[in-house]
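# Descriptive structure summary
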Amino acid sequence: MSHNTFGHLFRVTTFGESHGVAIGCVVDGCPPRILLTAADIQRELDRRRPGQSKFVTQRREPDEVKIISGVFTDPKNGEQVTTGTPIGLLIENVDARSKDYDAISELYRPGHADYTYDVKYGIRDPRGSGRASARETAMRVAAGAVARKVVPGMIVRGALVQMGEIDIDRSRWDWDEVARNPFFCPDAEAAKKMETYLDGIRKNGSSVGAVIEVVAENVPPGLGAPIYGKLDAEIAAALMSINAVKGVEIGTGFASARLSGEANADEMRPDNAGRPEFSSNNAGGILGGISTGAPVVARFAVKPTSSILNPRQTVNRQGAAAEVSTKGRHDPCVGIRAVPVGEAMLACVLADHYLRHRGQVGETTK
Ligand SMILES: Cc1cc2nc3c(=O)[nH]c(=O)nc-3n(C[C@H](O)[C@H](O)[C@H](O)COP(=O)(O)O)c2cc1C
């Protein structure tokens, strides 16, 4: 299983299993002399951490990150900065309950990766799903915290815009609201509805999907590497690599198929400084695989959690028909904790392209 690395100049390698000793990552290619503390990374990890409300898995992991390499504290000013060498990050697993998985160790959960790991590798780690567990995504969030610092002034934010049948009202979008409810939802009224809705789903032993929107602002124009390293293509691949993601769209995405050419094409005009400005952003900040300078906007759909209490038909490892019901601690809507993960993947792709752009054309952008 050799594909545990992504990125070209900003390269992230993750390792570790859900119920192993620890999970970790190596961020290779981060430029030197960037201020970086464990607190910068912890802040992002705390947003993804399990056990923070009744609407997510009750596994209690403090997710305390240690920076084990790649930084140096300047004795003159006490500031900790990156050195340009590989940044090693480690989080110990402290609340794994492998016994919870005994009952399903010989069964394939429909919708999960049990069958495909077994059929491919001839072995699978049933304890918390091993490497197929979204526990691994904690390291993406950690790497994303580093990536955010690579592109000067860049802001990457995300929000849950749909949960099952509940859509947000975009006219009520408030970024401050995202931190005020347990769903990362930007619409306070929709968040209230989600509480009752998800509680019912959880109590019924079921689960539900979600749609998440991620937005990067202050992305310089010019990032992206046509033709086979287009920015939109690499963002889509990065978001699609998140567990349970089943669809990705950029800007207006699938809805653009309904628009006319006039409605879809973002008109341009000079701004006060004589620079081009777009009057709309159906393109999601990307044209020809290259960033325009407008916010980069992507959305991804997350399927409902497959580990559910309600019994489903399946087969066991011996090929006999069986029934499976998953007890233990699971997220009733994995889309909630996928919000910081999506932000992190977007930040990593943009940091990578920022460095690749600099490598090809230097600092200058027209
Ligand atoms: C943040 C997050 C948390 C998740 N938690 C669970 C979970 O508790 N139970 C579960 O069955 N799947 C969970 N998943 C999804 C599985 O990891 C995923 O469905 C599985 O690896 C199969 O991969 P696929 O759905 O991408 O095909 C989670 C996904 C994310 C992004």
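### Topic: unusual backbone geometry
Residue Pro 226 is joined to Ile 227 through a cis peptide bond whose omega torsion reads 10 degrees. With respect to the helices, strands and loops of the structure, Ile 227 is situated in the loop between β10 (210-217) and α5 (231-240). In this model, Ser 129 sits at a positive phi of 75 degrees, which is unusual for a non-glycine residue. Turning to its location among the elements, Ser 129 is positioned in the loop between α2 (114-121) and α3 (137-147). Under the relative-accessibility criterion, Ser 129 is labelled buried at 9%. Look at Ala 244: it is not a glycine, yet its phi comes out positive at around 75 degrees.

### As for the sheet that holds strand β11 (residues 245-250)
One open sheet accounts for five strands, arranged β9-β8-β10-β16-β11; its pairing is antiparallel. A strand with exactly one partner marks an edge of an open sheet, and here the two such strands are β9 (166-167) and β11. Sheet analysis places β10 next to strand β16 (residues 296-302), joined by seven bridges and oriented antiparallel. Bridging across to β16, Val 211 finds its partner in Ala 301. Against the sheet, α5 touches β10, β11 and β16, its axis set at about 155 degrees to β11. Against the sheet, helix α7 (residues 338-361) contacts β8 (155-163), β10 and β16, and its axis sits at roughly 35 degrees relative to β10.

### Regarding the pattern of salt bridges
Summed over the entire model, instances satisfying the criterion amount to 35 salt bridges. Between Arg 47 and Glu 44 there is a salt bridge; the shortest N-O distance is 3.0 Å. Placement of the pair is Arg 47 and Glu 44 together in helix α1 (residues 38-48), with a separation of three residues, close to one helical turn. Using a relative accessible area of 26% as the deciding quantity, one classes Arg 47 as partly exposed. Across the pair Lys 54 and Asp 199 runs a salt bridge whose closest N-O atoms are separated by 3.4 Å. One end of the pair, Lys 54, is in the loop between α1 and β4 (65-69); the other, Asp 199, is in helix α4 (residues 188-203), and 145 residues separate them in sequence. Residue classification places Lys 54 among the partly exposed positions, given a relative accessible area of 42%. Since its relative accessible area comes to 12%, Asp 199 is described here as buried.

### A closer look at the environment of Glu 177
The residue Glu 177 is located in the loop between β9 and α4 in this model. In this structure the C-alpha to C-alpha distance between Glu 177 and Ile 290, which are 113 residues apart in sequence, comes to 31 Å.

### As for the nonpolar core
Residues Phe 10, Ile 41, Leu 89, Ile 235, Phe 300 and Ile 336 are the most contacted members of the largest nonpolar core, which totals 80 residues. For this core, the element with the highest residue contribution is α7, accounting for 13 residues. Contact partners of Ile 235, with chain neighbours within four places excluded, come to Ile 250, Ile 286, Val 296, Ala 298, Leu 346 and Val 349. Within the second largest apolar cluster, five residues are counted, among which are Tyr 101, Leu 107, Ala 322 and Val 324.

### Looking at the pairing of strand β2 (residues 11-15)
Going residue by residue along β2, you find Val 12 and Thr 14 tucked away on one face and Arg 11, Thr 13 and Phe 15 left uncovered on the opposite face. As paired elements, strand β1 (residues 5-6) and β2 share two bridges and run antiparallel to each other. Bridge assignment links Phe 6 to a residue of β2, and that residue is Val 12. The antiparallel pairing of β1 with β2 creates a hairpin that spans four residues between the two strands, and Gly 7 there sits at a positive phi of about 95 degrees. The pairing of β2 with strand β3 (residues 22-28) spans five bridges and is antiparallel.

Conventions adopted
- Residues numbered from 1 in each chain as written.
- Predicted model: local features only at pLDDT ≥ 70, side-chain atom pairs only at ≥ 80, totals over all residues.
- Heavy atoms only, no water.
- Helix = DSSP H or I, 4+ residues; strand = E, 2+ residues; numbered from the N terminus.
- Buried < 20%, exposed > 50% of the residue type's maximum accessible area, 1.4 Å probe, protein only.
- Pairing = 2+ DSSP bridges.
- Contact = heavy atoms within 4.5 Å.
- Axes fitted to C-alpha atoms, helices over the stretch in contact; angles between N-to-C directions.
- Salt bridge = Lys/Arg side-chain N within 4 Å of Asp/Glu carboxyl O.
- Core = buried A, V, L, I, M, F, W, Y, C linked by side-chain atoms within 4.5 Å.

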